[in-house]
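Listed below are the residues making up each chain.
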Amino acid sequence: MLKTIQLHKKYNDFTALQSLDLEVGKGEIYALLGQNGAGKSTTINILLGLIKATSGDAFINNISVKDHPQEIKKHLAYIPETVLLYPNLSGIENLDFFSQIAGFNYTKDELAAFLKRTGLQESAYYKDLGGYSKGMRQKVGIAIALAKDAKVLLLDEPTSGLDPIATAEFTEIVRQFGKEGRTVFMATHDIFNAVNVATHIGIMKQGELIQNLPSKNFSAEEV
Ligand code: ADP
Ligand code: ADP
């Protein structure tokens, strides 16, 4: 699970995040909505341990990000808007590389099985990632999360630039992630997809969480 307690971030004098209290449980899918500049990336970057909160703390599986920034990386997988993988390596080589960084040594068959679970076409496994679409790269990102056995998945704008078929496939994989008892947290502008896939929705405005609801109670008019 994922939790923030009174998380606060200032960039010099500018307050980007104010008193953020969030809790996303096992099996829950949280979509954080908000306009550009609302503070979504700041929140994700703090969860990832990439930037430090000014005050407050975040917890991944009850482990403090502030106190254990290295330890939490084992429990997290992050798929940025532009998936940062190696274009000159194939899908399966990227998966192998990032699995090894996370401390796992899988056989070719095991690696292929992770890719298969994401629905990536087998014909793509050995092709250079540079020729992949965003949806295909995202599947490799999901396979890395599965290979790491990450309990928490963070996603930044996961559906931007995806066609409807890739969006539907992505949605299914994220639902499956939740069903396995993992936690998903995504920052997005895609209200339609958020309502479709998320169990909970938050709206952030100028660094403040102005709404935090189960998605069944969410009304798009409030955005
Ligand atoms: P979002 O992801 O919702 O677009 P961000 O978290 O990127 O929002 O940014 C929130 C606010 O903080 C914005 O006004 C942005 O310009 C500001 N900001 C983000 N990063 C920095 C930084 N490194 N230095 C100064 N201001 C920043
Ligand atoms: P996003 O829309 O995903 O938040 P941005 O283009 O707003 O992406 O920000 C990209 C990067 O630039 C982030 O790492 C953010 O922290 C940084 N950034 C955003 N605004 C500022 C700012 N005013 N000053 C310095 N860095 C900033």
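What comes next is a walk through the structure. (Residues numbered from 1 in each chain as written. Chains lettered and ligands numbered in written order. Predicted model: local features only at pLDDT ≥ 70, side-chain atom pairs only at ≥ 80, totals over all residues. Heavy atoms only, no water.)

### Some points on the overall build of the protein chain
At step 1: Within the protein chain one finds six helices and ten strands.
At step 2: For 223 residues, the compact-globule estimate of 2.2 N^0.38 gives 17 Å, and the C-alpha radius of gyration of the protein chain, at 17 Å, lies within 12% of that figure.
At step 3: With respect to the three principal axes, the spread of C-alpha positions in the protein chain is 50 × 40 × 30 Å.
At step 4: Buried positions account for 49% of the 223 residues belonging to the protein chain.
At step 5: The contacts of the protein chain with a sequence gap of at least 6 include a subset with a gap of at least 24, amounting to 67%.
At step 6: With the model as given, the accessible surface of the protein chain reaches about 10900 Å², and the carbon-plus-sulfur share is 51%.
At step 7: Across the protein chain, the 23 positively charged side chains and the 25 negatively charged ones have centroids separated by 3 Å. (Helix = DSSP H or I, 4+ residues; strand = E, 2+ residues; numbered from the N terminus. Rg over C-alpha atoms; globule rule 2.2 N^0.38 Å. Buried < 20%, exposed > 50% of the residue type's maximum accessible area, 1.4 Å probe, protein only. Contact = heavy atoms within 4.5 Å. Areas by Shrake-Rupley, 256 points an atom, 1.4 Å probe, with all protein chains shown as cover. Lys, Arg positive; Asp, Glu negative; His and termini not counted. Charge placed at Lys NZ, Arg CZ, Asp CG, Glu CD.)

### Regarding the pairing of strand 3 (residues 29-33)
At step 1: The buried count for strand 3 comes to five of five residues, which makes it a mostly enclosed element.
At step 2: Covered by surrounding structure in strand 3 are Ile-29, Ala-31 and Leu-33 together with Tyr-30 and Leu-32, the residues of both alternating faces.
At step 3: As judged from the four bridges shared by strand 3 and strand 9 (residues 200-205), these two strands associate in the parallel manner. Counted as the bridge partner of Tyr-30 is His-200 from strand 9. (Pairing = 2+ DSSP bridges.)

### Here's the deal with the layout of surface pockets
At step 1: As a volume, the largest pocket reaches approximately 650 Å³.
At step 2: For the lining of the largest pocket, the secondary-structure elements that each account for two or more residues are strand 6 (76-79), helix 2 (91-101) and helix 4 (134-148).
At step 3: Residues of the lining of the largest pocket, tallied by class, amount to 16 nonpolar, two polar and three charged. (1 Å grid on protein atoms, 1.4 Å probe; cavity = no way out; pocket = protein on both sides within 12 Å on 5 of 7 lines; lining within 4 Å. Points joined across faces, edges and corners; volume = space filled by probe spheres on them. Nonpolar A, V, L, I, M, F, W, Y, C, P; charged D, E, K, R; others polar.)

### Considering helix 2
At step 1: Among all positions in helix 2, only Gly-91, Ile-92, Asn-94, Leu-95, Asp-96 and Ser-99 are buried.
At step 2: Buried residues in helix 2 make contact with helix 3 (108-117) and helix 4.
At step 3: Positive backbone phi, at 95 degrees, marks Gly-103, one or two positions downstream of helix 2.

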